[in-house]
Amino acid sequence: GHHFCFDNDDVGDDHPFLIYNPSMMNRCPQQYYRCRRCRCCNFHFILALTIIFLFAKNFCDAFNSHQNRHHYQATRRNASAARKQQPKFAGEGQMDISSSNRMKEAQLVEKLLLDALEKVKKMKRNKDRVLPPSKLFPHVRQCNAALATFGDSGDFTRALRLFTQMRKSASLFYMIPRERFSPLEHHHSLSSINLIPVPPEPTLVTYSTLMSRAISLRKPRVALRLWKLLQTQPNFYTNVISQKRRNGRNATSSYMDPSMLLKLEKEESAIVPDVIFCNTLMNAYAKMGDYRAAKAILNSMLGAKGVFTHEGIPKVKPTAVTYNTLADACKVAGELGAALDVPELMISQSEATGDKKLLPDLRTYTTLISTVARKSIDKQETRDIRSGGEKDPDMAFALLNRMKHEGIVPNGVTYSALIDVCRRCNRVDMALNGLRTMLKQKAKTNLASVNTTARPIYHHKPLQNEAGAWTAAINACGKAGRTDTAIRLFRTMQKVGVKPSSWTCACLSDCLLKSTPIRIKELEEVLQYMKGAGLVPSEVMYTSLMGVALELSQKETRITKDGLQVQLIDNLSIDSEDTTTEAIFLFKQLMRSLLMQTEKEDMILKVFLVFQEMKNVGMLPDVAMYNSLLRACAVTGNIERAQSVLRRMEMDGIIPNRGTLKEAVTLAKNARRSEFALSIWATMHKKTSQTVPLKPKVSVEMMGDLMNNYASDLQQTSNHEERIVIHREMMNLYQGFSSKLEEFELHDTFEEIACNLTFLLSALKAAVSCEYHSEVVEEKTRSRELACEIVGFEIFQNEHHTDIDRAGKKAIQLATDWLYAFEIS
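Residues numbered from 1 in each chain as written. Predicted model: local features only at pLDDT ≥ 70, side-chain atom pairs only at ≥ 80, totals over all residues. Heavy atoms only, no water.

What should I look at first to understand the overall build of the protein in this one?
Looking only at helices and strands, the protein has 33 helices and six strands in total. Per-residue burial over the protein gives 43% buried out of 825 residues. Pairs at least 24 apart in sequence give 69% of the contacts found in the protein among residues at least 6 apart. Here the protein has roughly 46700 Å² of accessible surface; of this, 53% comes from carbon and sulfur atoms. (Helix = DSSP H or I, 4+ residues; strand = E, 2+ residues; numbered from the N terminus. Buried < 20%, exposed > 50% of the residue type's maximum accessible area, 1.4 Å probe, protein only. Contact = heavy atoms within 4.5 Å. Areas by Shrake-Rupley, 256 points an atom, 1.4 Å probe, with all protein chains shown as cover.)

Right, here's the structure in full:
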């Protein structure tokens, strides 16, 4: 409540000060201060206001910064907690989005590089032209990421095309004289890619990325061609050293020392292969089975003298991956003797360097076990005596005991390799012994975490890839003809909590198909499991089922008549009613299994191919097989193919059943063609001796399901035109269904509709919406008449419906007003 004023009566003119003036308490705010020299007072007043404003601003900024920092920390804590609550693997949708973003960025890099290359080409053709002062090229790191994205997606040709553009842009760019370039200016890229003024010249990472993708796509020879191309580059370290020698500079063998190579890489920008590149190159030789070249790479990396080395590989410290890759090369070549040297090399190198990471690990021994009893790819070469016989699995069990003695715990992959060795040796008894050994190890591990007096629980904490060991055992029993044992293993692995994979089902199916007679009942059990687990048959299983089904159909369509075999054309002439059971079953199950595929176009092609092959051999399909065709059409939304299937059914005299209508309803949902479902429903309700009409409740439920699907589509779109189309389909469904009921005089079904509030309310809201939004007079009139017809049902006369939403109540009110207006007029 104190007030101050400026008064300089008692002091000098240059020293104004504040004087407390209580008499100004009741004065106006404009007279809170008085001064003879207003300029001075105004200056101090403005200065005070400025200081106050700056102080308030700094305080607000500090407060906001504190709040933002607190919010950021809280957000990080929440995100961390959410990540902990999430499963280890995120949903497939997030992975798809991430891969899609990487692909878009890779395509953008490809486009930017192509545009820059075109500009450089035009500049080279026009000698008087000056390159515009802008950054043209994407960075080499972004190009390498694009190469990896294209390679991972399987489009390796596109990756090679981008690699060629990188090399071409670098070669053309450096052929242009420097004086033809304008000075660089600051340039903002419209894309998310940071552009640079120099082209992306391929680096060691570029070649390593391409080579690894080529190997993963089973193209190791392409990887070797890239290695040879790298050796011809001027900036490859051996070529740089040769150039130094030609110029008379000091370039002795000391440049092969790792420290000198590092200096050469920094000063001369030379490409010097590192351990990752050497492992990649060794992997290329491993996939081809060239273990000698892989061993030569290792000798070069160790700097060994007096032994066979690989040209172009410098002295690099190898890792455990290097030795395991060498063991893999010996496995592919079928050379167990050379593979057995790998653990000794790892132990000696570990002792020499003191690096315990170089000791043999789980992968090393698993690869060695898998090498046992393999045939050599070079049959003319004399095998090492340590490779043993091709029918002796004792070495595999010896390696298993050795790795256990060294403290390495085998996993499912190890036991899978062990059992597979027994299969190659035709020793099913030892294969089952290997499976029992795995179960004992598993039980011993479980007993360590539970009471020692408890019974072993084999399904507790399954081993890594345990299903692979069971699959190998099933395959071994199947190859040896022990079908019953294979079936018991398949059932037992499910009881102990191990889920069979598609490869497990394929091995057992092959065993059942090759048994005499074919075990149809057990095969149905396998196929039913695949359907329930969502497993898709592999290409091998698909081919096997198709081949056996065709062979069975050819046998079953031939009968002996008067001592001669004749081909059956019409199955009505056969006295026996069960001559095609096995073949029809196989074709039917194969078609149902193929429906689980996610690739829609591939799926529908295979399903129709199976159906056509069955028709070609003279088999007559049943309604279930036609329903499978309709299901394939429903998944893809192919209405034309579905109509052709219906025409085939009519030509073959097949009467649709409830399953046919179900698939038709699904197709009508996806294609928004309600008349398709209505046509099948009408076919089922024609008054003939062969048709079996559906019950009224079932008919209304199926049509109501289709109506509800249209209603859910309305909630997912806000596009006006799309909503009008859906509303029309809902009206067509109601009117078409009602007219069919009147045509067939199905009064019970009509009464069932009159009691179905959801079905009627959906049609009513569609009619009211069309009346309001349609621009065609005839359609508006039709919609209003339909709304008046629906609201006239007795179910809408009850005003106490609590389950009707606001839009439904509004539609009922409008339709009721229209109905009263019609009655008055």
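Looking at this model, I keep getting lost on the nonpolar core. Mind explaining?
For soluble globular proteins, nonpolar side chains are generally found buried alongside one another. The biggest cluster of nonpolar side chains holds 221 residues, and the ones touching the most others in it are Leu586, Leu764 and Phe796. Top contributing element to this core by residue count: helix α31 (residues 757–773), with 10 residues. Setting aside chain neighbours within four positions, we find Phe796 in contact with Leu757, Leu760, Leu761, Leu764, Ile790, Val791 and Ile812. (Core = buried A, V, L, I, M, F, W, Y, C linked by side-chain atoms within 4.5 Å.)

Can you help me understand the layout of surface pockets in this one?
Gaps left between atoms are located by rolling a probe of water-molecule size over the structure's atoms. In this structure, the largest pocket spans a volume of roughly 660 Å³. Around the largest pocket, the lining comprises 26 residues; the ones closest to its centre are Leu714, Arg723, His727, Lys765 and Ala807. For the lining of the largest pocket, the secondary structure elements donating two or more residues are α28 (696–715), α29 (720–744), α31 and α33 (806–824). If one sorts the elements of the lining of the largest pocket by residue count, α31 sits on top with 10 residues. (1 Å grid on protein atoms, 1.4 Å probe; cavity = no way out; pocket = protein on both sides within 12 Å on 5 of 7 lines; lining within 4 Å. Points joined across faces, edges and corners; volume = space filled by probe spheres on them.)

Would you take a moment to explain unusual backbone geometry for this structure?
Across the chain, the bulk of peptide bonds are trans and the bulk of non-glycine residues have phi less than zero. Here Thr516 and Pro517 are connected by a cis peptide whose omega angle stands at -5°. A positive phi angle, close to 60°, is found at Arg218, a residue other than glycine. By the element assignment, Arg218 lies in the loop between α5 (204–216) and α6 (220–231). Judged by relative accessible area, Arg218 falls into the exposed class, the value being 77%.

What should I look at first to understand the packing of aromatic side chains in this one?
For any two aromatic rings, the description comes down to two numbers: the centre-to-centre distance and the angle of the planes. All told, the structure shown has nine aromatic pairs when counted by the stated rule. Residues Trp227 and Phe236 carry aromatic rings whose centres are separated by 5.9 Å and whose planes lie at 80° to one another, so their mutual orientation is edge-to-face. For Trp227, a relative accessible area of 2% corresponds to the buried category. Arranged with centres 5.5 Å apart and planes meeting at 50°, the rings of Trp227 and Phe277 form a pair that is tilted. Of this pair, Trp227 sits in helix α6 while Phe277 is found in helix α9 (residues 275–288), placing the two residues 50 residues apart along the sequence. Taken individually, Trp227 and Phe277 each receive the classification buried, so the pair is uniform in this respect. Linked through ring pairs, Trp227, Phe236, Tyr237 and Phe277 together constitute an aromatic cluster. The positively charged end of Arg641 is found above the aromatic ring belonging to Phe608, 4.8 Å away from the centroid. (Phe/Tyr/Trp six-rings, centres within 6.5 Å; stacked < 30°, edge-to-face > 60°. Lys NZ or Arg CZ within 6 Å of the ring centre and 35° of its normal.)

Got a minute to help me understand the packing of helix α13 (residues 362–371) against helix α14 (residues 394–405) in this structure?
Packed helices, taken two at a time, are described by their axes: the angle between them and the distance between them. Orientation of α13 relative to α14, taken along the N-to-C sense of each, is 170°, at an axis distance of 9 Å. With respect to each other, α13 and α14 are oriented roughly antiparallel. Residues Leu362, Tyr365, Leu368 and Ile369 of α13 form the contact with α14, whose own contacting residues are Ala396, Leu399, Leu400, Arg402 and Met403. Each residue belonging to the contact of α13 with α14 can be placed in one class, and the counts come to eight nonpolar, no polar and one charged. (Axes fitted to C-alpha atoms, helices over the stretch in contact; angles between N-to-C directions. Parallel < 35°, antiparallel > 145°, perpendicular 65-115°, else oblique. Nonpolar A, V, L, I, M, F, W, Y, C, P; charged D, E, K, R; others polar.)

Teacher, can you tell me more about α9 here?
Owing to its 3.6 residues per turn, the α-helix brings residues three or four apart onto one side. Given a rise of 1.5 Å per residue, 14 residues ought to cover 20 Å, and the 20 Å separating the end C-alpha atoms of α9 matches this to within 8%. Turning to α9, its buried residues are Phe277, Cys278, Asn279, Thr280, Leu281, Met282, Ala284, Tyr285 and Ala286. Remark: Gly289 follows α9 within two positions and exhibits a positive phi of approximately 80°. (Expected span 1.5 Å × (residues − 1).)

What am I meant to see in the side chain of Thr504 here?
Tracing the sequence through the fold places Thr504 in helix α19 (residues 502–514). Contact partners of Thr504, with chain neighbours within four places excluded, come to Ala467, Thr471, Ile474, Phe490 and Met493.

Got a minute to help me understand the environment of Ser738 in this structure?
Mapped onto the fold, Ser738 is located in helix α29. Residue class for Ser738 comes out buried when judged on its relative accessible area of 7%. Between the C-alpha atom of Ser738 and that of Thr749, which follows or precedes it by 11 residues, the distance is 9.5 Å. A distance of 2.8 Å separates a polar atom in the side chain of Ser738 from the backbone oxygen of Tyr734. (Polar contact = N/O pair within 3.5 Å; in protein donor to acceptor, adjacent residues only side chain to side chain.)

Is there a simple way to explain the pattern of salt bridges in this structure?
Tallied over the entire structure, the rule returns 19 salt bridges. In this structure, the salt-bridge partner of Asp420 is Arg424, at a minimum N-O distance of 2.9 Å. Residue Asp420 and its partner Arg424 are both found in helix α15 (residues 412–424); the two are separated by four residues, about one turn of the helix. The exposure class assigned to Arg424 is buried, which follows from its relative accessible area of 16%. One salt bridge connects Glu525 with Arg491, and the closest N-O pair in it is separated by 3.0 Å. Residue Glu525 is located in helix α20 (residues 520–533), and its partner Arg491 is located in helix α18 (residues 483–495); the two are separated by 34 residues in the primary sequence. What you see here is one network of salt bridges that share partners, running through Glu344, Arg402 and Glu406. (Salt bridge = Lys/Arg side-chain N within 4 Å of Asp/Glu carboxyl O.)

Honestly, empty space enclosed by the protein in this entry has me stumped. Any pointers?
Here the structure, examined in full by the defined rule, presents one cavity of 30 Å³ or more. In this structure, the largest cavity occupies an estimated 40 Å³ of space. When residues of the lining of the largest cavity are traced back to their parent elements, those giving at least two are α20 and α22 (581–594). Of the residues contributing to the lining of the largest cavity, the split by class is two nonpolar, three polar and two charged.

So what exactly am I meant to see when it comes to the confidence of the model for the protein here?
Parts of the model with low pLDDT should not have their predicted coordinates read in detail. Of the residues in the protein, 75% have a pLDDT of 70 or more, and the chain-wide mean is 78. Ignoring residues within four places in sequence, the model shows residues 1–37, a span with pLDDT below 50, making 44 contacts including any to other chains. Low pLDDT, under 50, characterises residues 452–459; the predicted model gives this stretch 12 contacts beyond four residues in sequence or across chains. (pLDDT = per-residue confidence, 0-100.)

When you look at a positive patch on the surface in this model, what are you seeing that I'm missing?
A cluster of basic side chains, namely Lys531, Arg658, Lys662 and Lys695, defines a positive patch on the protein surface. Along the chain, Lys695 turns up in the loop between α27 (674–684) and α28. (Patch = residues over 30% accessible without salt bridge, like charges linked within 9 Å, V, L, I, M, F, W, Y side chains within 5 Å. Lys, Arg positive; Asp, Glu negative; His and termini not counted. Charge placed at Lys NZ, Arg CZ, Asp CG, Glu CD.)

Honestly, helix α24 (residues 623–636) in this entry has me stumped. Any pointers?
The end-to-end C-alpha distance of α24, which contains 14 residues, comes to 20 Å, matching closely the 20 Å that a straight helix rising 1.5 Å per residue would cover. Among the 14 residues in α24, 11 count as buried, and that is most of the element. Restricting attention to buried positions, one finds in α24 the residues Val623, Ala624, Met625, Tyr626, Asn627, Ser628, Leu629, Leu630, Ala632, Cys633 and Ala634.

Teacher, can you tell me more about the state of the cysteines here?
What we call a disulfide is simply a covalent bond connecting the sulfur atoms of a pair of cysteines. One pass over the structure, following the stated rule, counts zero disulfides. Cys505 provides the cysteine sulfur closest to Cys507, a residue in no disulfide bond, and the two sulfurs are 9.4 Å apart. Its relative accessible area of 7% is what places Cys507 among the buried residues. (Disulfide = S-S within 2.5 Å.)

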